Amino acid sequence: MSLAEKTRPAEKPRATGRERTRRREPRITDEHGRRIRVWELALRYLLLLGVLALTIGPFLWQLSTSLKGPTEDIFSSPPKFLPSEPTLHNYERVADTIPVWDYALNSLKVAAANVVTNCVGAALAGYALARLRYRGRRVATLVFILTMLVPVEGIIIAQFTTMRELGLNNTLVGVLLPGCVSALNVLLMRNAFLNLPYEIEEAAFVDGANVWQRFYRIALPAVKGTLAVVAIFAFMGAWDDFLWPLIVLSDPSRFTLTIGLNYLHGTFANDERLVAAGTIIAVAPLIVLFACLQRYFFRGVGEGAVKG
């Protein structure tokens, strides 16, 4: 063997066509670094599309129905999703049929007040359950948990009797009062405050900060995400509530939007286009609210999800 052959580096074996194909294939992994097969990824997307169709589909169908004119058949087979001649005339008819904007203003008053009372009350109660030391703290937490197990229908007669004794029947305050502080929101704030390190508050205590200063300046700014979640839940609960306002209100001028929309259909008149337009009017504020607070919402969902 010559000297040149001895000093020549050994050539690497050439890769076969199958190996070159494997190297070119992108590696798809999950959050833990495990490889995901293509069929598994396709199955996941199919499931997500199915869930999306079930959740968003009815809303898009209502939106399409509200934009269809009186001459367009909404019960055609097969159904037509896109309107041939979109129109906003149905929304004008809703305003002509019922005082929808007055009802929306009443709902907005109740929902805005519900957001304020739940954010303030749930934050104070959650901080007291999570950070303060006193006898009966665990019992108080258990009471809040047990109240979530009681169905609304089981206490609605007692609520109505209480509002009547207080003289709050047929008032927006009577609509607001039973849900002004929700047990679920209190527990959400409690879990968020539990995840805060105690060292921060201990340092503030050494510097001379009292309980209110520690709550307002240290703890509360750290749980803004959970406050956004509480605000969204409180607004949605007050805006969508139908049963309790229907029981406590009797004056049509004080009706909320959910009750007022019930007058869009009756025994002898039932226009699906009109009902769809009213539904979109009722849902639009919720979409706007969630679009404005979605960044804080997804951050706040995880703030109270570690400790219970």
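Located above this text is the structure these notes cover.
About the thresholds
Residues numbered from 1 in each chain as written. Predicted model: local features only at pLDDT ≥ 70, side-chain atom pairs only at ≥ 80, totals over all residues. Heavy atoms only, no water. Helix = DSSP H or I, 4+ residues; strand = E, 2+ residues; numbered from the N terminus. Buried < 20%, exposed > 50% of the residue type's maximum accessible area, 1.4 Å probe, protein only. Contact = heavy atoms within 4.5 Å. Areas by Shrake-Rupley, 256 points an atom, 1.4 Å probe, with all protein chains shown as cover. Phe/Tyr/Trp six-rings, centres within 6.5 Å; stacked < 30°, edge-to-face > 60°. Lys NZ or Arg CZ within 6 Å of the ring centre and 35° of its normal. Core = buried A, V, L, I, M, F, W, Y, C linked by side-chain atoms within 4.5 Å. Arc of directions from axis to C-beta. Polar contact = N/O pair within 3.5 Å; in protein donor to acceptor, adjacent residues only side chain to side chain.

How should I be thinking about the overall build of the protein in this particular structure?
Broken down by element type, the protein carries 15 helices and zero strands. In the protein, which comprises 308 residues, the share counted as buried stands at 33%. For the protein, the share of sequence-separated contacts (at least 6 apart) that also reach a separation of at least 24 residues comes to 71%. Looking at the protein as shown, the accessible area adds up to about 20200 Å², and 64% of this sits on carbon and sulfur atoms.

Sorry if this is basic, but what is going on with the packing of aromatic side chains here?
Two aromatic rings are characterised by how far apart their centres lie and by the angle between their planes. By the definition in use, this model includes seven aromatic pairs. Where tyrosine 127 meets phenylalanine 215, the ring centres are 5.1 Å apart and the plane angle is 65°; that geometry is what we call edge-to-face. Taken together, the positions of tyrosine 127 in helix 5 (residues 100-131) and phenylalanine 215 in helix 11 (residues 211-219) put the pair 88 residues apart, joining distant regions of the chain. Overall, tyrosine 127 belongs to the buried group, its relative accessible area being 3%. By way of ring pairs, the aromatic residues Tyr103, Phe255 and Tyr263 are connected into one cluster. Over the ring of tyrosine 198 we find arginine 131, and its NZ or CZ is 4.1 Å from the ring centre.

Can you walk me through the nonpolar core in this structure?
Looking at soluble globular proteins, one finds that nonpolar side chains tend to be buried together. Ranked by size, the top nonpolar core spans 52 residues in total, and within it Met189, Phe193 and Leu257 carry the most contacts. Counting residues per element, this core draws most heavily on helix 5, at 13 residues. The residues contacting methionine 189, other than those within four sequence positions of it, are Ala122, Ala123, Gly126, Val223, Thr226, Leu227 and Val230.

How should the side chain of threonine 141 be read in this particular structure?
When you line up the elements, threonine 141 lands in helix 6 (residues 137-147). Excluding residues that lie within four positions of it along the chain, threonine 141 makes contacts with Leu129, Leu187 and Arg190.

It is not clear to me how helix 11 should be interpreted in this structure. Could you clarify?
In an α-helix, one full turn covers 3.6 residues, which means residues spaced three or four apart are oriented alike. Looking only at helix 11, the buried set comprises Arg214, Phe215 and Ala219. An end-on view of helix 11 places all buried positions within 100° of arc, on one side of the element. Relative to its buried face, helix 11 has exposed residues pointing more than 90 degrees away, namely Trp212, Tyr216 and Arg217. If you follow the buried residues of helix 11, they end up packed against helix 5, helix 9 (183-194) and helix 10 (198-206). Two to three positions downstream of the cap, the backbone nitrogen of tryptophan 212 sits 3.3 Å from a side-chain oxygen, assigning the N-cap of helix 11 to asparagine 210.

Sorry if this is basic, but what is going on with the environment of leucine 196 here?
Relative to the helices and strands, leucine 196 is located in the loop between helix 9 and helix 10. Along the backbone, leucine 196 and arginine 131 are 65 residues apart, and their C-alpha atoms lie at a distance of 9.4 Å.

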